[in-house]
Amino acid sequence: MAQLWINNISISFGGPMVLDGASLQIEPGERIGLLGRNGSGKSTLIKLLEGSIPPDKGEIVIDKNVRISVMPQDIDDLQGNVYDVIASGGQEHLDLLHVYHDLTLRMSKNDDQSLLNKMEQVQNQLEAAGAWQFHQQVETVISRVGLDDNVEFRLLSAGLKRRVLLARALVYDPDILLLDEPTNHLDIDSILWLEEFLQNYDKTIMFVTHDRTFLQKISTRIVEIDRGKLFSFSCNYATYLERRQAMQEAEESQWQAFDKKLAKEEVWVRQGIKARRTRNEGRVRALQVMREERARRRERDGNVKLTVSEARRSGKLVVETDKISFAYADKIIIDSFSTRIMRGDRVGIIGPNGSGKTTLIKVLLGELPVAGGTLRLGTNIAIAYFDQLRAQFDERKSLRDNVADGNDTVFINGVPRHVVGYLQDFLFPPAQIQSPVQSLSGGEKNRMLLAKLFCTSSNVLVLDEPTNDLDVETLELLEDRLLEYSGTILLVSHDRTFLNNVVTSTIVLEGEGRMQEYVGGYDDWLRQRVEIKEALPKEVKGKKEKQPREKSKLSFKELKEREELPCKIEKMEKEKARLMELLNSPDLYKTNNPARLLDINNQLAVLEADLETAYNRWDELEELATKFAGI
């Protein structure tokens, strides 16, 4: 029997309908991943289900025995210790327990009969209100999620604060648990803990997330909000992607057939009086119905158009370190770390929150001096730093002023673009471009940061948690653009899928200043870590090893890259030939279009850099393959 029914609900906030006749049924024990583009209405649906806002039309029917709790997206600056925050949902119980605790302390110092009488009164109130049982439930939940109930909430890390909010949602033993972006700002260890907890949780869960690995591991059903409607897919995330693709292709085909028929009928009706004869009135009425149906159609939102502005390429060496160290006071952040980052490398950096990932980046870029060892930076380095842009934005100024610094144009690879058109590529409508930044959602702010970043000419991109609040489609486009970027990338992220798809190596911060670099992405690191442990002698198994064993074969990712590179190089060579032909064509100079000429020259420069990188990578892989073949 269903726990909750959403029946034909609609809601808007003065603009287009956020939900428009949406319906859904939720069954016990389901783990539902709620997806949709930024601004599609996911958080609105969560608020409707928890009852904090009513729908404009329709109804939400909840079984009378069903309890619902919510873990919100935002972490408020809550006061009190862990126990107080978790128990704050039952404030009347918490107040009585505080009174009883205060009386107990006073009785221990003064054996007064009036205090004893007061304690008996409070005890009776506690029993009548069921506060004793509530206290036991709070203690049980605190133990279950692994928290210390006496620690001040404000002193906790972001990951532990998320645990406290989860515990607060669990304290009433809800039948339906609603989670809004539960993995945001969590490190990988915290995400893994949450995954295990939810996999063992036996109640119904609906969660909003853009973490694709989390979706694949947790969800048993996907519900997507698309143009105001709710579409349900009873499958895991990977199968949902296949089904959604087929559904979109079928919709496109139907629309094309409909539009073709409509165009034909419009030609017919313009023929004049013949279309108005009595025997054709039915056809005219049918045409009117088709016009109305076409007017009601809601097109799918467009995709963000990402173009990265690249500076003149850097030297082959970007940064080289030899046993560098760095510390804050007595805390060691980097302890004897060596690495070499070459032009075109895409390096991921992972580790627990507070372990020093951002500090490592600043040291590698020369912004912080090393305490020991040597660091050498390459030549012609032009850095665009995603995280630093956050501090540069003025929340009171408009998108336009923040992105273009008050100018009307931005330059992408030397070609001027009007700022309004450029921001529309990032899905900002003209009316919103003059809005203050403080009015934007989290996803919109991150899109704005990317817009600012990508119009900054660079050959080194530094991305510190760029994926928070971005929808899946934008994440996939960002991955594609980063793979096409010919410069060097330093990427801090807890998004495991993003790391797997983008980086060529991963620096892992292992605690107490220990750092180790592994070939490949997150999954490659997990595999190599297991291989290292299995290769250790019995007497040291289970202990942390600083250095991995030397590679003896190409990884799966490297084998695939080696297989695909010749085809990729061939395509680039053909494109280079096409651009050279354009540049040698007299027709290009007859048009007197310097912007077009500059654009072609920039394309050719980027392509030649990409070709050199591809050839170097091909030589490197061939050399490794030959080496391993002889082992």
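Residues numbered from 1 in each chain as written. Predicted model: local features only at pLDDT ≥ 70, side-chain atom pairs only at ≥ 80, totals over all residues. Heavy atoms only, no water.

**Considering the sheet that holds strand 18 (residues 488-492)**
Reasoning step 1: Read across the sheet, 6 strands follow the order 14-17-18-12-19-20 without closing on themselves; strand pairing throughout is mixed. Of all strands in the sheet, those bounded by a partner on one side alone are strand 14 (383-385) and strand 20 (514-519). Across the sheet, the axes of successive neighbouring strands diverge by a mean angle of 15°, strand direction being ignored.
Reasoning step 2: Inspection of the sheet shows strand 14 paired to strand 17 (residues 460-464) by 3 bridges, in the parallel sense. Bridging from a neighbouring strand, A384 pairs with L461 of strand 17.
Reasoning step 3: Here helix 11 (residues 357-364) sits on the sheet in contact with strand 12 (346-350), strand 14, strand 17, strand 18, strand 19 (505-511) and strand 20, set at roughly 140° to strand 12. (Pairing = 2+ DSSP bridges. Helix = DSSP H or I, 4+ residues; strand = E, 2+ residues; numbered from the N terminus. Axes fitted to C-alpha atoms, helices over the stretch in contact; angles between N-to-C directions. Contact = heavy atoms within 4.5 Å.)

**Quick notes on the pattern of salt bridges**
Reasoning step 1: Enumeration over the complete set of coordinates arrives at 23 salt bridges.
Reasoning step 2: Salt-bridge contacts for K574 lead to E570; the nearest nitrogen and oxygen are separated by 3.7 Å. Of the two residues, K574 and E570 both sit in helix 20 (residues 556-583), 4 residues apart, roughly one turn of that helix.
Reasoning step 3: Here K574 falls in the exposed class, since its relative accessible area comes to 56%. (Salt bridge = Lys/Arg side-chain N within 4 Å of Asp/Glu carboxyl O. Buried < 20%, exposed > 50% of the residue type's maximum accessible area, 1.4 Å probe, protein only.)

**Looking at the sheet that holds strand 3 (residues 31-35)**
Think of a sheet as strands paired side by side through backbone hydrogen bonds, with each pair either parallel or antiparallel.
Reasoning step 1: Here we have 6 strands laid out as an open sheet, ordered 5-6-7-3-8-9, and mixed in their pairing. Strands at the two margins of the open sheet, each flanked by one partner only, are strand 5 (68-71) and strand 9 (229-233). Direction aside, neighbouring strands of the sheet carry axes that sit 20° apart on average.
Reasoning step 2: Inspection of the sheet shows strand 5 paired to strand 6 (residues 176-180) by 4 bridges, in the parallel sense. Note on strand 6: the bridge partner recorded for M71 is L179.
Reasoning step 3: Those strands touched by helix 6 (residues 158-170) are strand 5 and strand 6, and its axis lies near 170° from that of strand 5.

**Topic: the confidence of the model for the protein chain**
Reasoning step 1: Per-residue pLDDT for the protein chain has a mean of 80; in total, 85% of the residues score no lower than 70.
Reasoning step 2: Long-range and interchain partners of residues 542-549, a stretch whose pLDDT sits below 50, account for 16 contacts in this model, where long-range means more than four residues apart. (pLDDT = per-residue confidence, 0-100.)

**Considering the packing of aromatic side chains**
Reasoning step 1: Tallying each qualifying case throughout the model produces 8 aromatic pairs.
Reasoning step 2: Seen from their ring centres, F233 and Y240 are 5.0 Å apart, and the 75° between their planes marks the pair as edge-to-face.
Reasoning step 3: Residue classification places F233 among the buried positions, given a relative accessible area of 6%.
Reasoning step 4: Given a relative accessible area of 1%, Y240 falls into the buried group.
Reasoning step 5: With centroids separated by 5.2 Å and ring planes inclined at 65°, the aromatic side chains of Y422 and F426 adopt a geometry described as edge-to-face. (Phe/Tyr/Trp six-rings, centres within 6.5 Å; stacked < 30°, edge-to-face > 60°.)

**Side note on the environment of E152**
Reasoning step 1: Note that E152 resides in the loop between helix 5 (131-144) and helix 6.
Reasoning step 2: Taking the relative accessible area as the measure of exposure, E152 reaches 31% and is therefore partly exposed.
Reasoning step 3: Separated by 67 residues in the primary sequence, E152 and V85 place their C-alpha atoms 9.3 Å from one another.
Reasoning step 4: With residues up to four places along the chain from it excluded, the contact list for E152 reads G80 and N81.

**Here's the deal with the packing of helix 6 against helix 7 (residues 188-199)**
Reasoning step 1: Across the interface, helix 6 lies against helix 7 with an axial gap of 10 Å and an inter-helix angle of 20°. Compared by their axis directions, helix 6 and helix 7 come out roughly parallel. For the crossing formed where helix 6 meets helix 7, the hand is right-handed. Counting all contacts with helix 6, which are made through G159, R163, L166 and L170, the residues of helix 7 involved are S190, W193, L194 and F197.
Reasoning step 2: A class-by-class count of the residues in the contact of helix 6 with helix 7 yields 5 nonpolar, 2 polar and 1 charged. (Parallel < 35°, antiparallel > 145°, perpendicular 65-115°, else oblique. Left-handed = near helix turned anticlockwise from the far one by under 90°. Nonpolar A, V, L, I, M, F, W, Y, C, P; charged D, E, K, R; others polar.)

**Thoughts on empty space enclosed by the protein**
Empty space among the atoms can be located by rolling a probe the size of a water molecule over them.
Reasoning step 1: Under the defined criterion, the tally for this structure stands at 4 cavities of 30 Å³ or more.
Reasoning step 2: Of the pockets and cavities examined, the largest cavity occupies roughly 170 Å³.
Reasoning step 3: In this structure, the largest cavity is lined by 17 residues; those nearest its centre are T183, N184, D211, T467 and N468.
Reasoning step 4: Classifying every residue of the lining of the largest cavity gives 3 nonpolar, 9 polar and 5 charged.
Reasoning step 5: Its volume calculated, the second largest cavity comes out at about 90 Å³.
Reasoning step 6: Residue lining of the second largest cavity: L35, G36, R37, H210, E224, Y237, Y240, L241, R244, V472 and E473, and that is the complete set.
Reasoning step 7: At the level of elements, helix 9 (237-269) and helix 17 (472-484) are the ones that each hand at least two residues to the lining of the second largest cavity. (1 Å grid on protein atoms, 1.4 Å probe; cavity = no way out; pocket = protein on both sides within 12 Å on 5 of 7 lines; lining within 4 Å. Points joined across faces, edges and corners; volume = space filled by probe spheres on them.)

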